[in-house]
Structures are given as structure tokens and as C-alpha cells.
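# Chains, contacts and geometry: an overview
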Amino acid sequence: MEKCINCSLESGGNYCPNCGQKLHLKKLTLRYISSEFTDRWLGLDTKFSRSAWGLFLHPERVITAYLNRNSVRYIGPLGYYIVMTALMLITFELLGLEVADFLKSTNENLGLPSGSGSARQLALQESISGWVSRNFRFVSALLIPFLTLGVQWLYRKKRSFLENLVMITYLQTHTIWFLIVGLFTFKWTGFWVSQYMTIISLIYFGWALGRFNDGKITFRKFLKALLTWIVSYILFILTLSLMAIVLVVFIGAFKK
Ligand SMILES: [Zn+2]
């Protein structure tokens, strides 16, 4: 029997059954402070690496565990998003790469128009890509609601909107790993691999979404998941363009 230092209840085991405080206390060392922070607040160490590997090997298990309210085994979708976004920005910083250059090549690879059309269209594109690079950390997140809508539409009645949002947040966040690998490859070889990284991200998305709910993937399920991504992406680009046009028209009218 040990007395809890937080709520004074006497009990056995590793944790206080009343408030969750650890009963066997560790020495106050720098190691303790750093591991308490990374474990408890960031869910790093075991939780983070277990989630990251899990999302590579069997994404449906990680996401289903979270949807079943298991908060011990894996890091939550919001925590995963925040940690992965930070990791991405740190990688950009460490390698001394510019977000703008990366986006330019990505846009070209995704078949978006670049460097063609009238001066007015070019100015519009400049202002869009300028905005995108200034808000880069949010852009991959912007796709999340569209993908959720796409899944909601193409996989009718399977899950609630919130459940789909959780699933898409995990999957979309996880593709940051491919971006990070792409950035390192670019730094070491000078070769822009972002089109391959985009393709790999797409294959991952199709594979992972296709594995729901039973963990089995067929070519048909894979194609349906890919179609979902394409429909969502078109919807995303259309919305973004429409917003940009409205903005340009509005600013133009305002200037006169
Ligand atoms: Zn207690």
C-alpha cells in the first residue's frame, strides 16, 4: 500500500485508482522532466512512435482504437497533426529549404497552371501562391474538411462526419512523412522528387482508406478511395479558385 501524493488515497499498483497519479515516484532529474513533458504532453516516445508505425502498417487499427475512445495506446489526431506539422517546419528550417520553391514545383507536378495566361491571370496566380506559402502550415489542413466531405459522400452511412474527420486527419497528417523524405532526398541529391512523393502519398491514402473497416484491401476498394481523393481535391481547387476570383473582383471594385 502506498499513499498518493496528489489525493492522499492509499492503494496499490502503479497508478492511483482515484486520480491517476504515479505511485512509484522517480527522482527529479533532467531526464525525468524531459520524459514527463514528451510523454504526457506531446505523447511522444512510445505513443508517438507506436502511432506512426501503426499508421504505416495497419492504419485502420490505430484509427479504430481512437474512435473506440482508447486514449492510452495511440496519440490523438490533433496531437499527431501538431507534432507532424512542427516536424515538417523543423525539417524545412534544418535543410534551409524555402516553402515557396517547394510549392512551385508541387503545383507544376499536380498539373495546376503555372506561368501561362494573361497578366491578370498571372497576378492572380502569384497572389494565390504567395498566400499559400505564407500559410503553408494550414494548407494541408485545409484539404482535410474537403476529404472528409468526399468520404462522407462516397461512403454513405458508414461513419459519422466526426468519425470521418478523425480518420482523414490521421491519414492526411501521416502523408507529411513522405514530404519529409522528399525534402531530405532533394537536399542530398538535388533532385526534386515531390511528384513521386505526391504519388506515394496518393497510393498510401488509397491503400489506407481502402483497408477500412476490415483491414483487407482489394483493387476495387483501392480505386474507390483514389476516386474519393480526386473528387475531394477538385472540390478543394474549385473552392480555392472561386474564393480567389471573388477576392480579386472585390479588391478591383474597391480600388475604383
Ligand atoms: Zn490520487
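Quick look at the structure, then. Think of each chain on its own: its residues are numbered from 1, step by step along the sequence as written. Given that this is a predicted model, residues contribute local features only at a pLDDT of at least 70 and side-chain atom pairs are listed and counted only at 80 or more, while totals for whole chains, interfaces and linings are drawn from all residues. Side-chain metrics rest on all non-hydrogen atoms present in the structure, leaving aside hydrogens and water.

### Remarks on the coordination of the zinc ion
- Sites may look incomplete because water is not among the atoms; the donors themselves are N, O and S atoms within 2.8 Å of the metal, or within 3.2 Å for Na, K and Ca. Around the zinc ion, the donor atoms from the protein are Cys-4 (SG), Cys-7 (SG), Cys-16 (SG) and Cys-19 (SG), and they sit 2.2 to 2.4 Å away.
- Labels for metal geometry use angle windows, namely 85 to 135 degrees for all angles of a four-donor tetrahedral site, and for square planar (four donors) or octahedral (six donors) sites opposite donors over 155 degrees apart plus all others within 65 to 115; sites meeting none of these are irregular. Taken together, the four donor atoms coordinating the zinc ion span angles of 103 to 116° at the metal, a pattern that classifies the geometry as tetrahedral.
- Binding-site remark: the zinc ion is held by donors from one chain whose sequence spacing is C-x2-C-x8-C-x2-C.
- To sort residues, take the accessible area from a 1.4 Å probe on protein chains only and compare it with the maximum for the residue type: under 20% means buried, over 50% means exposed, and anything in between is partly exposed. Among the residues examined, Cys-7 registers a relative accessible area of 28% and is labelled partly exposed.

### Some remarks on the pattern of salt bridges
- Any Lys or Arg side-chain nitrogen found within 4 Å of a carboxyl oxygen on Asp or Glu counts as a salt bridge. Tallying each qualifying case throughout the model produces two salt bridges.
- With a shortest N-O distance of 2.8 Å, Glu-60 and Arg-211 are connected by a salt bridge. With Glu-60 in helix α3 (residues 59-67) and Arg-211 in the loop between α10 (194-210) and α11 (219-255), the pair connects residues that are 151 residues apart, well separated along the chain.
- Since its relative accessible area comes to 7%, Glu-60 is described here as buried.
- Given a relative accessible area of 13%, Arg-211 falls into the buried group.
- Two residues, Asp-214 and Lys-221, come together in a salt bridge whose shortest N-O distance is 3.0 Å. Helix and strand definitions here come from DSSP, where helices need a minimum of 4 consecutive H or I residues and strands a minimum of 2 consecutive E residues; each element is numbered from the N-terminal end.

### A word on unusual backbone geometry
- Its identity as a non-glycine residue notwithstanding, Ser-8 has a phi of 70°, on the positive side.
- Residue placement: Ser-8 occurs in the loop between β1 (2-3) and β2 (10-11).
- Among the residues examined, Ser-8 registers a relative accessible area of 43% and is labelled partly exposed.
- A positive phi is found at Arg-69, a non-glycine position, where the angle reads about 70°.
- Take Arg-69: its relative accessible area is 70%, and that puts it in the exposed class.

### Some words on the packing of aromatic side chains
- Between 30 and 60 degrees the pair is tilted, below 30 it is stacked and above 60 it is edge-to-face, where a pair is any two Phe, Tyr or Trp rings, Trp via its six-membered ring, whose centres lie within 6.5 Å. The final tally for this structure, using the stated rule, is 13 aromatic pairs.
- For the pair Tyr-66 and Tyr-170, a centre-to-centre distance of 6.1 Å together with 75° between the ring planes defines the contact as edge-to-face. Of the two residues, Tyr-66 sits in helix α3 while Tyr-170 sits in helix α8 (residues 161-174), which places them 104 residues apart along the sequence.
- Assessed through its relative accessible area of 30%, Tyr-66 is described here as partly exposed.
- Relative accessible area serves as the criterion here: at 0%, Tyr-170 is assigned to the buried category.
- Here Phe-184 and Trp-188 contribute two aromatic rings whose centre-to-centre distance is 5.2 Å and whose plane-to-plane angle is 45°, an arrangement assigned as tilted. In this pair, Phe-184 and Trp-188 both sit in helix α9 (residues 176-189), four residues apart, roughly one turn of the helix.
- The partly exposed category is assigned to Phe-184, whose relative accessible area is 27%.
- Clustering of aromatic rings is evident, with ring pairs tying together Phe-48, Tyr-66, Tyr-80, Tyr-170 and Trp-177.
- Geometry around Tyr-155 places Lys-224 over its ring, the cationic atom sitting 4.3 Å from the centre. A ring is considered to have a charge above it if a Lys NZ or an Arg CZ atom is located within 6 Å of its centre and within 35 degrees of its normal.

### Description of the nonpolar core
- In plain words, nonpolar cores are sets of buried Ala, Val, Leu, Ile, Met, Phe, Trp, Tyr and Cys residues tied together by side-chain atoms within 4.5 Å. Ranked by internal contacts, the top residues of the largest apolar core, which has 44 residues, are Ile-63, Tyr-80, Met-167, Leu-171 and Leu-209.
- For this core, the secondary-structure elements that each account for two or more residues are α2 (45-57), α3, α4 (77-95), α7 (136-154), α8, α9, α10 and α11.
- When residues of this core are assigned to their parent elements, the largest contribution, six residues, is made by α4.

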